[in-house]
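# Topology and contacts: notes
Chain by chain, the residues run as shown.
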Amino acid sequence: MSDLRERAQALDTGDALAPLRELFTLDDTVYLDGNSLGALPRHVPARVQEVLTREWGELRIRSWGESGWWTAPERIGDRIAPIVGAAAGQIVVGDSTSVNVFKALVAATRLAPEGRDEILVDARTFPTDGYIAASAARMTGHRIVPVDPADVPDALGPRTAAVLLNHVDYRSGRLHDLPGLTAAVRAAGAIAVWDLCHSAGALPVGLDEHGVDLAVGCTYKYLNGGPGSPAYLYVAERHQASFDSPLPGWTSHADPFAMTPGYTPADGAVRGRVGTPDILSMLALEASLDVWDGVGIEAVRAKSLALTDFFLECVEAYAPEGRVTSVTPAAHAERGSQVALRCDDAEPVMAELIARGVVGDLRRPDVLRFGFTPLYVGFADAERAARVLAGVLGAPTA
Ligand SMILES: *Cc1c(COP(=O)(O)O)cnc(C)c1O
């Protein structure tokens, strides 16, 4: 057996998180796409069945109160809070990330000091954030300034109202300096809005500790909430009283069942709600969060870095010279939980990888993306993925 295979086995044996894999429904493929759609925790189908048959089927309307449906958005927000370093009462679950980007960004312009007319947006942002920011800017009379996250400190000025950044770049896997950039944005008197889609559940975020103003994120990637599971919105407690949502739906009203014609916002995180919550998806998410019980995000981060280091080492050892180049930063401080490899023929290579049981994904035109989800991916998976990749790339003995 090769040296790297032996090391993989030893690393798996010493991995305190390894038993968590048993909590998930997996097969013998190597699943490295959990940064796009997290795997299914085994106990979730039974819980969803119970919601359908008991809570909906038998209790029907009573479940809004008796089954806790009405308060699910803020209750589940409080379950996500420790994973992203937030105290309770600041996160509400609901809607998609796209919709929450809209809420957060428009609200940010309303929180910012009068007369500021620029919104800085991560120039390489995930597309939906950019599209929504452009529309929000048109609606609110702001101007979008695309900026590389590293250049944000120089781009900030007396005209900056808000800054929208991705914590981890979805394509390259680069981790941006949330503490430093947030401090710079706040020092300039602007509002920092972070998109946590590729960091929440993969690494410590520290929303409260670093003074983030507003944040959004999805739950179907590293949080394993299921396809289309609802996203979340974080509004720091200091901003809640003046958080002015552009989508003030009735479920964010201080007294929703009074059905009054005038809008009075509820206090706290609830103010970020819009309409009737999507209960089935939301309760599947709630159940899936059980896998985090007793799991510390620091341990997840340590394993994630060890996994991506080990995968890169295996690729280096196995892959034919010059066929792939990592675009994921080598420095731990700049790395998320994925490895992105540039490859000229990325599309057929990924198709063949998937055919051989290694599931990653493709970011056109030339990026092979491998997500490492420490709750259920191990070191033997990383070694096997690199070995199969090398074979697909034409290495003779892999
Ligand atoms: C996955 C992802 C989204 C997804 O938005 P949806 O509204 O759920 O489709 C948004 N932003 C970033 C940075 C993402 O990685």
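Scroll up to find the structure.
Quick caveat: nothing in here was measured; it's all calculated off a predicted structure.

Tracing the chain through its elements places cysteine 197 in the loop between strand 6 (191–195) and strand 7 (214–217). Exposure remark for cysteine 197: the relative accessible area of 8% places this residue in the buried category. Sequence separation between cysteine 197 and asparagine 35 is 162 residues, and the spatial gap between their C-alpha atoms is 8.7 Å. Ignoring anything within four residues of it in the chain, the contact list for cysteine 197 reads Thr97, Val216, Gly217, Cys218, Lys221 and Tyr222.

Right, let's get into a nonpolar patch on the surface. Residues Leu52, Trp56 and Leu280 make up a contiguous nonpolar surface patch of about 290 Å² in total accessible area. Relative to the assigned elements, leucine 52 resides in helix 2 (residues 44–58).

As enumerated under the stated definition, the model contains 28 salt bridges in all. With a closest N to O distance of 3.0 Å, arginine 174 and glutamate 334 form a salt bridge. Pair noted here: arginine 174 is in the loop between strand 5 (160–166) and helix 8 (178–187) and glutamate 334 is in the loop between strand 9 (325–326) and strand 10 (338–342), with a separation of 160 residues, a long-range link. The class for glutamate 334 is partly exposed, based on a relative accessible area of 34%.

What follows covers the packing of helix 1 (residues 3–13) against helix 11 (residues 297–318). The interhelical angle for the contact between helix 1 and helix 11, taken along N-to-C directions, is 170°, at an axis separation of 11 Å. Comparing their axes, helix 11 and helix 1 come out roughly antiparallel. Each of Leu4, Arg5, Arg7, Ala8 and Leu11 in helix 1 lies in contact with helix 11, whose residues at this interface are Phe310, Glu313, Cys314, Ala317 and Tyr318.

The subject of this paragraph is the site of the ligand. In the vicinity of the ligand, the contacting residues are Ser96, Thr97, Ser98, Phe126, Thr128, Asp129, Asn166, Asp195, Cys197, His198, Tyr220 and Lys221. Here an oxygen atom of the ligand sits 2.6 Å away from a polar atom, N or O, in the side chain of serine 98. One of the side-chain N or O atoms of aspartate 195 is found 2.9 Å from a nitrogen atom in the ligand. For the ligand, whose unbound accessible area comes to 390 Å², protein coverage reaches 87%. Where the shell around the ligand is concerned, the elements lending two or more residues are helix 5 (97–111) and helix 6 (127–140). Here the shell around the ligand is built from residues that sort into three nonpolar, six polar and three charged.

A few words now on unusual backbone geometry. The residue after arginine 364, namely proline 365, is reached through a cis peptide bond having omega 5°. Looking at the secondary structure, you find proline 365 in the loop between strand 12 (361–363) and strand 13 (367–371). Residue aspartate 95 is not a glycine yet carries a positive backbone phi of 65°. As for its position among the elements, aspartate 95 is in the loop between strand 2 (91–93) and helix 5. When its relative accessible area of 29% is taken as the criterion, aspartate 95 is described as partly exposed. Backbone geometry places asparagine 224, a non-glycine residue, at a positive phi of 55°. One can find asparagine 224 in the loop between strand 7 and strand 8 (232–235). In this structure asparagine 224 comes out as buried when scored by relative accessible area, which is 3%.

What counts as what
Residue numbers run consecutively from 1 along every chain, following the written order of its sequence. Under the rules for a predicted model, residues below a pLDDT of 70 receive no local features and side-chain atom pairs below 80 are neither given nor counted, while totals for whole chains, interfaces and linings still include all residues. Only hydrogens and water are set aside when side-chain values are computed; all heavy atoms of the structure are taken into account. Every helix listed is a DSSP run of H or I at least four residues long, and every strand listed is a run of E at least two residues long, numbered separately from the N terminus. Relative accessibility decides the category of a residue: with a 1.4 Å probe and only protein chains considered, values under 20% of the type maximum give buried, values over 50% give exposed, and everything between is partly exposed. Any two residues whose heavy atoms approach within 4.5 Å at even a single point are treated as in contact. Only residues above 30% relative accessible area that lack a salt bridge enter a patch, with like-charged residues linked at up to 9 Å and the nonpolar side chains Val, Leu, Ile, Met, Phe, Trp and Tyr linked at up to 5 Å. Where accessible areas are quoted, they stem from the Shrake-Rupley method and a 1.4 Å probe; at the residue level, only the protein chains shown are allowed to cover. Salt-bridge detection follows one rule: a side-chain nitrogen of Lys or Arg within 4 Å of a carboxyl oxygen of Asp or Glu. To obtain each axis, a line is fitted to C-alpha atoms, and for helices this fit is confined to the stretch in contact; angles are then taken between N-to-C directions over 0 to 180 degrees. Any angle that falls under 35 degrees is termed roughly parallel, while one over 145 is termed roughly antiparallel, one within 65 to 115 roughly perpendicular, and all others oblique. In these notes, residues near a molecule or strand are those with any non-hydrogen atom within 4 Å of it. Residues adjacent in sequence count toward polar contacts only when both atoms are side-chain atoms; beyond that, a polar contact is any pair of N or O atoms within 3.5 Å, and within protein one must be able to donate a hydrogen and the other to accept it. In this classification, Asp, Glu, Lys and Arg are treated as charged, Ala, Val, Leu, Ile, Met, Phe, Trp, Tyr, Cys and Pro as nonpolar, and every other residue, Gly included, as polar.

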